Amino acid sequence: MISGRGSNMSALIEAVEATDFPAQIVGVISNKPDATGLETAKNHGLNTAVHALKSYADKTTTDRAITANLEQWGAEIVCLAGFMRIVSDEFAKHWQGRLINIHPSLLPKYKGLNTHQRALDAGDKVHGATVHHVVPELDAGPVIVQQEVPILPDDNVETLENRVLQAEHLLYPAALAKLIRTH
Ligand code: GRF
């Protein structure tokens, strides 16, 4: 599930296409109709769907429609990949154990937004990314894998974000494969 450019989604697509990966992708859902990742998904021949909050009465109803869509596609695991909306508690509970997210920090540090700026402001020497299970509380579910990334003296938000993103693109397929193998 994406909201924007979908570079982590692309990393998952490439992992599935390139290697003997233990999963297939049944489809990509966006909450934004103009997410550029939707085009990428279509170019790879994947099912896509848009479920925007404003098309439904409320978040719970939206997320029920998403669950119905995912189940119709036969999804067994749901990967949030830059899905920039907090899912409903009901959705998190329905998929618990099968719903994962990638977050650009070494959780439990820097839950929420602006993680790179916050790591720089704190004078951290090490930053990173985490793939974790999604639970109703934001960015608080059990960690599956983490990758540390150094913060260099001349870093700004952009250079740091790019370095973390490169790590994310390796980390997410590895985390998904690990979850499947240990399931
Ligand atoms: C990534 O940094 C991810 O960790 C965060 O949102 C960003 C999404 O980027 N949750 P992309 O859409 O995968 O390129």
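For the structure itself, consult the block above.
The structure presented is a predicted model; accordingly, all values stated were derived computationally and were not measured. For every chain, the first residue of the written sequence is number 1, and numbering continues from 1 onward in sequence order. Totals for whole chains, interfaces and linings use every residue, but because this is a predicted model, local features are given only for residues with pLDDT of at least 70 and side-chain atom pairs only at 80 or more, for both listing and counting. Side-chain numbers come from the whole structure's heavy atoms, not from hydrogens or water.

Engineer: Looking at this structure, I do not really get unusual backbone geometry. What am I missing?
Structural biologist: For residues that are not glycine, phi is negative in most cases, and the peptide bond is trans in most cases. Of note, the amide linkage connecting Leu-107 to Pro-108 takes the cis form, showing an omega dihedral of 15°. Secondary structure elements are taken from DSSP: a helix is a run of H or I of four residues or more, a strand is a run of E of two residues or more, and numbering for both begins at the N terminus. With respect to the helices and strands, Pro-108 occurs in the loop between strand E4 (99-103) and helix H5 (115-121). The residue Tyr-110 is not glycine, and still its phi comes out positive at about 55°. Inspection of the secondary structure puts Tyr-110 in the loop between E4 and H5. Of note in this structure, Asn-114 is not a glycine but carries a positive phi near 55°. Relative to the assigned elements, Asn-114 resides in the loop between E4 and H5. Remark: exposure states derive from per-residue accessible area (1.4 Å probe, protein chains only) relative to the maximum for the residue type, with buried under 20%, exposed over 50%, and partly exposed in between. Take Asn-114: its relative accessible area is 59%, and that puts it in the exposed class.

Engineer: Just checking my understanding: could you explain the site of the ligand for this structure?
Structural biologist: Distances are taken per atom, and a residue is near a molecule or strand as soon as one of its heavy atoms is within 4 Å of it. What surrounds the ligand is the set Arg-5, Gly-6, Ser-7, Asn-8, Gly-82, Ile-102, His-103, Pro-104, Leu-165 and Glu-168. For the purposes of these results, a polar contact is taken to be a pair of N or O atoms within 3.5 Å, where, inside protein, one atom must be able to donate a hydrogen and its partner to accept one; residues adjacent in sequence count only when each atom of the pair is a side-chain atom. Between the ligand and the protein, one listed contact pairs an oxygen atom with a side-chain N or O atom of Arg-5 at 2.4 Å. In this structure, Ser-7 approaches the ligand through a side-chain N or O atom, which is 2.5 Å from an oxygen atom. Computed with a 1.4 Å probe, the accessible areas rest on the Shrake-Rupley method; for each residue, only the protein chains presented here act as cover. For the ligand, the protein covers 88% of the area, taking 360 Å² as the surface of the free molecule. Those elements that provide at least two residues to the shell around the ligand are helix H1 (7-18), E4 and helix H6 (157-182).

Engineer: Explanation requested: the packing of H1 against H6 in the structure shown.
Structural biologist: A pair of packed helices can be characterised by two numbers: the angle between their axes and the separation between those axes. Between H1 and H6, the shortest axis-to-axis distance is 9 Å and the interhelical angle comes to 50°. In this view, H1 runs oblique relative to H6, as classed from their interaxial angle. Along this stretch, H1 crosses H6, giving a crossing that reads as right-handed. Where H1 abuts H6, its residues Ser-7, Asn-8, Ala-11, Leu-12 and Ala-15 lie against Leu-165, Glu-168, His-169, Tyr-172, Pro-173 and Leu-176. Side-chain classes follow a simple rule in which Ala, Val, Leu, Ile, Met, Phe, Trp, Tyr, Cys and Pro form the nonpolar group, Asp, Glu, Lys and Arg form the charged group, and the remainder, Gly included, forms the polar group. A breakdown of the residues in the contact of H1 with H6 according to their chemical character gives seven nonpolar, three polar and one charged. Structural elements are reduced to axes, namely lines fitted to C-alpha atoms, with helices fitted over the stretch in contact, and the angle between N-to-C directions of any two is expressed from 0 to 180 degrees. Here roughly perpendicular refers to angles of 65 to 115 degrees, roughly parallel to angles under 35, roughly antiparallel to angles over 145, and oblique to all remaining angles. For any pair of crossing helices, the crossing counts as left-handed if the nearer helix is rotated counterclockwise from the farther one by less than a right angle, and right-handed if it is rotated clockwise. Residues are treated as being in contact if the distance between any of their heavy atoms lies within 4.5 Å.

Engineer: Just checking my understanding: could you explain the sheet that holds strand E3 (residues 78-80) for this structure?
Structural biologist: To summarise the sheet geometry, strands pair through backbone hydrogen bonds and adopt either a parallel or an antiparallel arrangement. Whether two strands pair depends on DSSP finding at least two bridges between them. Taken together, four strands build an open sheet; the order of strands is E3-E4-E5-E6 and the sheet is mixed. Single-partner strands in this sheet number two, and they are E3 and strand E6 (143-150). Averaged over all pairs of adjacent strands, the angle between their axes in this sheet comes to 15°, without regard to strand direction. Relative to strand E5 (residues 126-133), E4 is paired through four bridges, and the arrangement is antiparallel. Counted as the bridge partner of Asn-101 is His-132 from E5. Strand contacts of H6: E3, E4, E5 and E6, with the helix running at about 155° to E6, the strand carrying the most contacts.

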